[in-house]
Amino acid sequence: MSLLQLWAGTHDLVPEWIGWQQIAGGVGVVLAIYALQWAFAAFQVVKHLRGKPGLISFLPPFGMSVPVLLGPSSLRGNLQNPTIWRLKADVYKRFNSTVVVIPSLFPPKLTYLLSDPEAFDRVNTDKVNFEKTTLFNHPLVYMFGDNLANTDGEDWRRQRKIVASSFTDRNNAAVWEETTQVVANNLYSKIDSSADANGVSIVTQLEDIVATVTLMVVGKAGFGIQVLWPEADKSNVPFDHAMRTVLRDFPAKLFLPNWAWKLPSSYLARVDKGYKEFYNSLLNIIADRRAGVTEVSGTHGDRKDLLAHLIDANEAENGKAKLSDEELISNCFIFLLAGHETTSNSISGTLFYLAHHPEYQEQIFQEASAVFGTAPITETSFEANSSLRFTFACYQEGVRLFSPGPVVVKKCVKDTYIPSRTVPADGSAGEPFQMFVPKGAIMRENIQGLHYLPEFWPDPFKYSPSRFMKGEWNTKASEATALLATIVLRYHIEIPAHLKEDWKIRPGETEDQRRTRILKPDILSGMRPDKLQLAFRRR
């Protein structure tokens, strides 16, 4: 009797002639078949690199990372442990094209990394050849189900009709009012509490302070919920704590398997409870607002928050055109993510750049002084936002240099062509050409890369708000302009004295490397500074 038969427990289950050698041989055959399938698939994607600008990647681009392990040695040194932040426009300059092809080996997948405005427009507007995809996209947008950010086609149009009608001037006014309230009643005192004898406050982990402000604003203006400053938070409001948990601890919810949540861990129990409270609290809020709609003849009276407007717009639809409760909740989460994370990250980046440019701060101060005057900032209405043109230009330039959400992903569903152009070393206009894209290719729109191409942004590493002082501008972006204007109205933003020497550019270091060393971009939920310190000196 063979060992295999002893293991099987009976002569009848395994024929006498089958032994370990036969099993190993069978496994080898199966592995050989898989290897051949992989080799064929890899060849199919790598062949598309022939005659095109690009390089081979060991793994496919994911999120904001591009793990390039193969290709020219000149690229390996610059792309070691790379991110979209580190790549910027370098990869396009090296390959002399605003579209770069990246075939990956494990698994075999073809990715086009775009940094061309015409290619962006084509991929985003051509619904016949391109569609949204869950593949290699950020999993946060799928956390609570279908929403405007992850749907496409007819479903997207249905959701967009309802969601778009929810954004009104009443809601923009609510955002402005809540921003000035939070700054006046919380942010000023938080900064001033650590001031020295010269009126200078060193704010450590600035990104967390700004994130708290934007969370308070979106809590009230978005959902009608009063979020308290952490040190003062004595409330037992489930939604308040649940929002913090959802935004702070989402990596555990995203990456841990279902069985892990049954482990005896107080941390996992708290996170799980927070997510359930967030979901159930929104369900209850929606039910309460929906009941209010019925009682007040289809309106929410003088309520200005976004959720109230969203429910109003949804109740105006009929049958299948309406959003389900799950879709309402999922869209609310996207509003929370965009209104909190995106805004706080971009504001933090903008404050970093303003600390290097006191001359721009002075222009913001003059503009803000004319708007707010000497009265309390809470007495100035939303209409004043349209007079903060330069302030908003400073914010836009900060977003250009430090894009909080720098990647959009689509999938090609039919063989087609997209526009591209060469990238001359001198920054002059490139020559346009068409590039073939096969069905199944992943299209990654690298917004960060586009923002650093010299053809579109001369001297791209320079912080220059004047780039955005031409033409029309978005006078509705009330949170960003109100926050920047009210901060500069009260403080000079400076590089901390103890960091001035360390923040200087080092021998052999580029300006890009200096900024990376200081900002230490965190890309988990979007581009975010890590432990950024700035000094705030009272005017």
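What counts and how
- Residues numbered from 1 in each chain as written.
- Predicted model: local features only at pLDDT ≥ 70, side-chain atom pairs only at ≥ 80, totals over all residues.
- Heavy atoms only, no water.
- Helix = DSSP H or I, 4+ residues; strand = E, 2+ residues; numbered from the N terminus.
- Buried < 20%, exposed > 50% of the residue type's maximum accessible area, 1.4 Å probe, protein only.
- Contact = heavy atoms within 4.5 Å.
- Areas by Shrake-Rupley, 256 points an atom, 1.4 Å probe, with all protein chains shown as cover.
- Salt bridge = Lys/Arg side-chain N within 4 Å of Asp/Glu carboxyl O.
- Pairing = 2+ DSSP bridges.
- Axes fitted to C-alpha atoms, helices over the stretch in contact; angles between N-to-C directions.
- Patch = residues over 30% accessible without salt bridge, like charges linked within 9 Å, V, L, I, M, F, W, Y side chains within 5 Å.
- Expected span 1.5 Å × (residues − 1).
- Phe/Tyr/Trp six-rings, centres within 6.5 Å; stacked < 30°, edge-to-face > 60°.
- Lys NZ or Arg CZ within 6 Å of the ring centre and 35° of its normal.
- Parallel < 35°, antiparallel > 145°, perpendicular 65-115°, else oblique.
- Nonpolar A, V, L, I, M, F, W, Y, C, P; charged D, E, K, R; others polar.

Summarise the overall build of the protein chain; cite the residues concerned and give the values.
When its secondary structure is counted, the protein chain shows 19 helices and 10 strands. The buried share among the 539 residues of the protein chain stands at 51%. When contacts within the protein chain are restricted to residue pairs at least 6 apart in sequence, those whose partners lie at least 24 apart make up 73%. Taken as a whole, the protein chain presents about 24900 Å² of accessible surface, with 57% of it coming from carbon and sulfur.

Can you explain the side chain of E479? Please cite residues and give values.
By the secondary structure assignment, E479 is in helix α18 (residues 478-490). Here E479 is in contact with V175, T179, T214, V217, G339 and T343, once residues within four sequence places are set aside.

Account for the pattern of salt bridges, naming residues and giving values.
With the rule as written, the count across this model stands at 26 salt bridges. For D512, the salt bridge is made with K88, and the minimal N-O distance between the two is 2.7 Å. Linking D512 in helix α19 (residues 511-519) with K88 in the loop between α4 (84-87) and α5 (90-95), this pair joins segments that are 424 residues apart in sequence. Residues D512 and K88 agree in their burial class; the two are buried. One salt bridge connects D126 with R122, and the closest N-O pair in it is separated by 2.9 Å. Residue classification places D126 among the buried residues on the basis of a relative accessible area of 13%.

Can you lay out the sheet that holds strand β3 (residues 130-132) for me, pointing to particular residues and giving the numbers?
Strand order in the open sheet formed by five strands is β1-β2-β8-β5-β3, and the pairing between neighbours is mixed. Two strands in the sheet have a free side with no partner beyond their single neighbour: β1 (99-105) and β3. Strand-to-strand twist across the sheet, computed as the mean angle between neighbouring axes with direction ignored, equals 30°. As paired strands, strand β5 (residues 407-412) and strand β8 (residues 442-446) are joined by five bridges and run antiparallel to one another. Counterpart to K410 in the pairing with β8 is M443. Each of β2 (108-114), β3, β5 and β8 touches helix α6 (residues 117-125); the most contacted strand, β8, lies at about 130° to it.

Which residues make up a nonpolar patch on the surface, and what values do they have?
Together, W20, I23, V27 and L31 give the surface a local cluster of nonpolar side chains, amounting to about 410 Å² of exposed area. Tracing the sequence through the fold places W20 in helix α2 (residues 20-46).

Residues and numbers for the pairing of strand β6 (residues 416-421), please.
Counting buried positions along β6 yields five of six residues, so the element is predominantly enclosed. Relative to strand β7 (residues 432-437), β6 is paired through six bridges, and the arrangement is antiparallel. Directly across from P419, in β7, lies its bridge partner Q434.

Explain the environment of I209 to me, using residue names and the numbers behind them.
With respect to the helices, strands and loops of the structure, I209 is situated in helix α9 (residues 206-223). Its relative accessible area of 14% is what places I209 among the buried residues. Distance in space between the C-alpha atoms of I209 and K190 is 8.8 Å, their sequence separation being 19 residues. Each residue touching I209, except ones within four places of it in the same chain, is listed here: L187, K190, V203, T204 and W229.

Tell me about the pairing of β8, and name the residues and values.
With five of five residues buried, β8 is to be regarded as a mostly interior element. Neither face of β8 is open: one carries I442, R444 and N446, the other M443 and E445, and all of them are buried. The sheet contact formed by β2 and β8 spans four bridges and is parallel. Within β8, the position partnered with Y112 by the bridge is M443.

Explain α18 to me, and be specific about the residues and the numbers.
Between its terminal C-alpha atoms α18 stretches 18 Å, which fits the 18 Å expected from 13 residues at 1.5 Å a residue. Taking burial as the measure, the 13 residues of α18 include 12 buried ones, the bulk of the element.

Before we move on, can you summarise the packing of aromatic side chains with the specific residues and values?
Two descriptors summarise a pair of aromatic rings, namely the distance from one centre to the other and the angle between the planes of the rings. By the definition in use, this model includes 20 aromatic pairs. With a centroid separation of 6.5 Å and an interplanar angle of 20°, the aromatic rings of F144 and Y279 are classed as stacked. Residue F144 is located in the loop between β3 and α7 (153-164), and its partner Y279 is located in helix α12 (residues 266-295); the two are separated by 135 residues in the primary sequence. Given a relative accessible area of 13%, F144 falls into the buried group. Centre to centre, the rings of Y353 and Y463 are 5.5 Å apart; their planes meet at 5°, and the pair counts as stacked. Remark: Y463 occurs in the loop between α17 (447-450) and α18 and Y353 occurs in helix α14 (residues 325-355); sequence separation between them is 110 residues. This pair shows no difference in class: Y353 is buried, exactly as Y463 is. Here a set of aromatic residues connected by ring pairs shows up, and it is made of F352, Y353, Y360, F390, Y463 and W503. Seen from the ring of Y452, K88 lies directly overhead, with NZ or CZ sitting 5.4 Å from the centre.

Lay out the packing of α14 against helix α16 (residues 389-401) with the relevant residues and their values.
Look at α14 against α16: their axes get within 8 Å of each other, and the N-to-C directions meet at 100°. With respect to α16, the axis of α14 lies roughly perpendicular. Contacts from T343, S346, I347, T350, Y353 and L354 of α14 reach α16 at C394, Y395, G398, V399 and L401. In terms of residue class, the contact of α14 with α16 is built from seven nonpolar, four polar and no charged.

Hey, could you go over the sheet that holds strand β9 (residues 491-494) for me, with residue numbers and the actual values?
The three strands lie next to each other as β4-β10-β9, forming an open sheet whose pairing is antiparallel. What marks the edges here is a single partner per strand, and that holds for β4 (200-203) and β9. Averaged over neighbouring strand pairs, the angle between their axes works out to 25° when direction is ignored. Bridge analysis of β4 against strand β10 (residues 534-538) gives four bridges, and the strand direction is antiparallel.

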